[in-house]
Protein chains: 2
Amino acid sequence: MHGPQSPEPAVPPLRRRGERMRRAVLGTVVELLSTQGLAGTTVATVARAAGVHETSIYRRWRTRENLILDALATELDAALPIPDTGVVREDLLRFLTSLGRLIATAQGRALLRLSVERDETLEDRRGPYWSDRLERAKVIVRRGVERGELAADTDPGLVIEAVAGPLFVRALLSGAPLDDTLVAGLVDLTLEGARPR
Amino acid sequence: MHGPQSPEPAVPPLRRRGERMRRAVLGTVVELLSTQGLAGTTVATVARAAGVHETSIYRRWRTRENLILDALATELDAALPIPDTGVVREDLLRFLTSLGRLIATAQGRALLRLSVERDETLEDRRGPYWSDRLERAKVIVRRGVERGELAADTDPGLVIEAVAGPLFVRALLSGAPLDDTLVAGLVDLTLEGARPR
């Protein structure tokens, strides 16, 4: 129960208000990217939609580029946790299921499309966005190797690329569904291989 | 040796000239797509660059859409043959090497980017372009199953997606190299799996 005093006395009210403003602005950026695309997401349109002054945005993020990248990192990372169940197959299934759900949402699809759009101002820093997300997932494979579930010479990056690649291709190129059958099929193929046993 | 007469007397000269014109126009379309993108590739710009009348293009292809799709199919399919060496690993290596080379060229990259660009007029028919190319490659896996090299319940489409997916992701998102190490790693992972043996 909260008393009449501030519930979090250690955090100054100004900082809390600053964090609320930050999350509101970043949410607005993701919303605008989804509906208006990169071209329609400017400091001016974000400020108007979030109901803040443009100067407040420039003070905190300095450039439109920083603003967009902060929004991508903050809003999407929460949707893509790295599981650690103790079983590599289960971890891969959960990770891929999250990834598939993320890129199947309107926002995820918009942000994926944004990553392949040409835009000189973001060229050098967007490419790494998805690479970083896949990079972080390598630990799933490393843990599997440490537990002896996977061969000692397994290349963690290759495994993650092999299981995740088709999800991106379906979302970007073919439009085929990202369903549980696909996810399970990819994980089992990558773990067991197609050779007869 | 060709004598003084026509070297292919069975083909009327008019049809040969028509085929030469067709190939010249389609080559120009691919060239313009690579350098000017979809927006810069119109019947007018193609006609000017190929040195033919717009009416000749409309007579043969009727719409800009047909023209572009004919160019994609004709010019790229020659670069993506389906090998049949009698060994599934070798066939997959050759197919992926061709695919990697194709999407690493300036033209291939432009055409790939074109496939993810928004353009309402082509929306319904471009998606299937790459899907059809991957669909045709399934026969490599089917032959491997028939020869007993792969498990009887192998899903051909899944194998092709797993080996080809990362090439598209690298070309579109990460910009990481499409080299022989990647291709061999993907093929071996997909055939043998990551479990210890």
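Residues numbered from 1 in each chain as written. Chains lettered and ligands numbered in written order. Predicted model: local features only at pLDDT ≥ 70, side-chain atom pairs only at ≥ 80, totals over all residues. Heavy atoms only, no water.

- Chain A carries the name TetR/AcrR family transcriptional regulator in an unreviewed UniProt entry, which gives Streptomyces nogalater as its organism.

Brief notes about the environment of Pro81(A)
Residues and elements named next belong to chain A.
- Within the element layout of this structure, proline 81 appears in the loop between α4 (64-77) and α5 (88-104).
- A residue is classified by how much of its surface remains accessible, and proline 81, at 47% relative accessible area, is partly exposed.
- Along the sequence, proline 81 and alanine 104 sit 23 residues apart, while their C-alpha atoms lie 16 Å from each other.
- If near-sequence neighbours (up to four positions away) are discounted, proline 81 is found in contact with Phe95 and Ser98. (Helix = DSSP H or I, 4+ residues; strand = E, 2+ residues; numbered from the N terminus. Buried < 20%, exposed > 50% of the residue type's maximum accessible area, 1.4 Å probe, protein only. Contact = heavy atoms within 4.5 Å.)

As for the interface of chain A and chain B
- The partner chain B presents 40 residues to the 40 residues of chain A that form the contact.
- Here chain A and chain B share an interface that buries about 3,400 Å² over both sides, 62% of which is from carbon and sulfur atoms.
- For the pair chain A and chain B, the number of links is 4 salt bridges.
- Note that Arg170(A) and Glu161(B) form a salt bridge whose closest N and O atoms lie 2.7 Å from each other.
- Counting every contact that joins chain A to chain B gives 12 residue pairs in polar contact (both at pLDDT 80 or more).
- Sorting the residues of the side of chain A that touches chain B by element identifies α5, α6 (106-116), α7 (123-146), α8 (156-174) and α9 (180-192) of chain A as the ones contributing at least two each.
- For the side of chain A that touches chain B, the leading source of residues is α8(A), giving 12 residues.
- Of the residues that constitute the side of chain A that touches chain B, the class distribution is 20 nonpolar, 10 polar and 10 charged. (Buried area = accessible area lost by both parts, 1.4 Å probe. Salt bridge = Lys/Arg side-chain N within 4 Å of Asp/Glu carboxyl O. Polar contact = N/O pair within 3.5 Å; in protein donor to acceptor, adjacent residues only side chain to side chain. Nonpolar A, V, L, I, M, F, W, Y, C, P; charged D, E, K, R; others polar.)

Describing the packing of aromatic side chains
- A complete count under the given rule lists 0 aromatic pairs over all chains for this structure.
- Lying over the aromatic face of Trp61(A), Arg60(A) brings its terminal NZ or CZ to 5.6 Å of the ring centre. (Phe/Tyr/Trp six-rings, centres within 6.5 Å; stacked < 30°, edge-to-face > 60°. Lys NZ or Arg CZ within 6 Å of the ring centre and 35° of its normal.)

Notes on the UniProt feature "DNA-binding region" (unreviewed entry) in chain A
- Mapped onto this numbering, the UniProt entry gives "DNA-binding region" (unreviewed entry) at residues 42-61 of chain A.
- Along residues 42-61 of chain A, the helical share is 80% and the strand share 0%, with 13 Å between the first and last C-alpha atoms. (UniProt positions renumbered as here; feature names shortened; annotations may be inferred.)

Description of the UniProt feature "domain: HTH tetR-type" (unreviewed entry) in chain A
- Under the present numbering, the feature "domain: HTH tetR-type" (unreviewed entry) in UniProt falls on residues 19-79 of chain A.
- This span, residues 19-79 of chain A, is 79% helix and 0% strand, and a straight line between its end C-alpha atoms measures 20 Å.

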